[in-house]
Amino acid sequence: AIPTSADRSHQCRQAVLAAQKVLTDLAALNHGRAQANKSPLDIGIGINSGQVSYGNIGSPGRLDFTVLGGAVNVASRIEGLTKSIGHRVLATATIAETNPEFFVACGLHEVRGLARPIELFNLSEPNL
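What this report covers is the structure whose coordinates are included nearby. (Residues numbered from 1 in each chain as written. Predicted model: local features only at pLDDT ≥ 70, side-chain atom pairs only at ≥ 80, totals over all residues. Heavy atoms only, no water.)

Quick word on the overall build of the protein
Applicable threshold: Here a strand is any run of E in DSSP of at least two residues, a helix any run of H or I of at least four, and the numbering for each starts at the N terminus. When checking whether two residues touch, look at their non-hydrogen atoms; a contact exists if any pair is within 4.5 Å. In these tables, accessible area is a Shrake-Rupley quantity obtained with a 1.4 Å probe, and a residue counts as shielded only by the protein chains included in the view. Under the convention used here, Asp and Glu are negative, Lys and Arg are positive, and both His and the chain ends fall outside the count. To locate a charge, the coordinates of NZ of Lys, CZ of Arg, CG of Asp or CD of Glu are taken.
Helix and strand counts for the protein come out as four helices and six strands. When its helices and strands are written in sequence order, the protein yields α-β-β-β-α-α-β-α-β-β. For the protein, the proportion of contacts with a sequence separation of at least 24, taken over those separated by at least 6, is 54%. Summed over its atoms, the accessible surface of the protein is roughly 8300 Å², and 53% of this surface lies on carbon and sulfur atoms. If the 11 positive side-chain charges of the protein are averaged to one point and the 10 negative ones to another, these points end up 7 Å apart.

Right, here's the structure in full:
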């Protein structure tokens, strides 16, 4: 567990900066792909914060590292909404509140597995 709110805020910011870096690197990759007459690649990213469990699961013959828990389920499900909502990076209020300069509210949305809609925020993307 992350022990302090300052540590949690720092970790949330690192996740946002990582998403920005992925978008910048993807733009560079797609520039090269365009020059090679290849179609562009696109992605969706969901960012959430919360308690998770992680580790190796499986048998010695097939061992996988995985992350489990409600927080990762929500992140995965909001990533799945990126296409239908029309933004490549979506985050929960927990992330947006700690990094308000990076996000714009994009309304309440139904997320599979949650009883009520939650507010989602899209990352303000720089012109790449």
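Observations regarding the sheet that holds strand E4 (residues 89-92)
Note the cut-off: Here the rule is simple: two strands pair whenever DSSP picks up at least two bridges between them. The axes are straight lines fitted to the C-alpha atoms, using for helices just the contacting stretch, and the angles between their N-to-C directions are given from 0 to 180°.
Taken in spatial order, the four strands line up as E1-E4-E6-E5 in an open sheet, and their pairing is mixed. Both edges of this open sheet fall to strand E1 (45-47) and strand E5 (103-109), since each of them pairs with a single strand only. When strand polarity is set aside, the average angle formed by the axes of neighbouring strands in this sheet is 30 degrees. Direction of pairing for E4 relative to strand E6 (residues 118-123): antiparallel, over a ladder of three bridges. Counted as the bridge partner of Thr92 is Leu120 from E6. Its contacts with the sheet place helix H1 (residues 5-35) against E1, E4, E5 and E6, and it is angled at close to 170 degrees to E1. Contacting E1, E4 and E6, helix H2 (residues 70-79) crosses the sheet at an angle of about 145 degrees to E1.

Some points on the pairing of E6
Summarising the sheet, E5 and E6 pair through five bridges and their orientation is antiparallel. Opposite Val104, over in E6, you have Asn122 as the bridge partner.

Section: unusual backbone geometry
To keep things clear, this is the line we draw: Whether a residue is buried, partly exposed or exposed follows from its accessible area with a 1.4 Å probe, protein chains only, as a fraction of its type maximum: under 20%, in between, or over 50%, in that order.
Look at Asn37: it is not a glycine, yet its phi comes out positive at around 60 degrees. You can see Asn37 is positioned in the loop between H1 and E1. According to the relative accessible area criterion, Asn37 is exposed, its value standing at 74%.

With respect to the pattern of salt bridges
Side chains that differ in charge, positive against negative, can pair when their charged atoms come close. For clarity, the cut-off: Throughout this description, the term salt bridge denotes a Lys or Arg side-chain nitrogen within 4 Å of a carboxyl oxygen of Asp or Glu.
Counting across every chain of the model gives four salt bridges. In this structure, Lys21 and Asp25 form a salt bridge, with 2.9 Å as the shortest nitrogen-oxygen distance. Residue Lys21 and its partner Asp25 are located together in helix H1, separated by four residues, close to a single helical turn. In this structure, Arg62 and Asp64 form a salt bridge, with 3.5 Å as the shortest nitrogen-oxygen distance. With relative accessibility at 35%, the residue Asp64 sits in the partly exposed group.

From the geometry alone we can't say anything about function, so treat these as descriptive.
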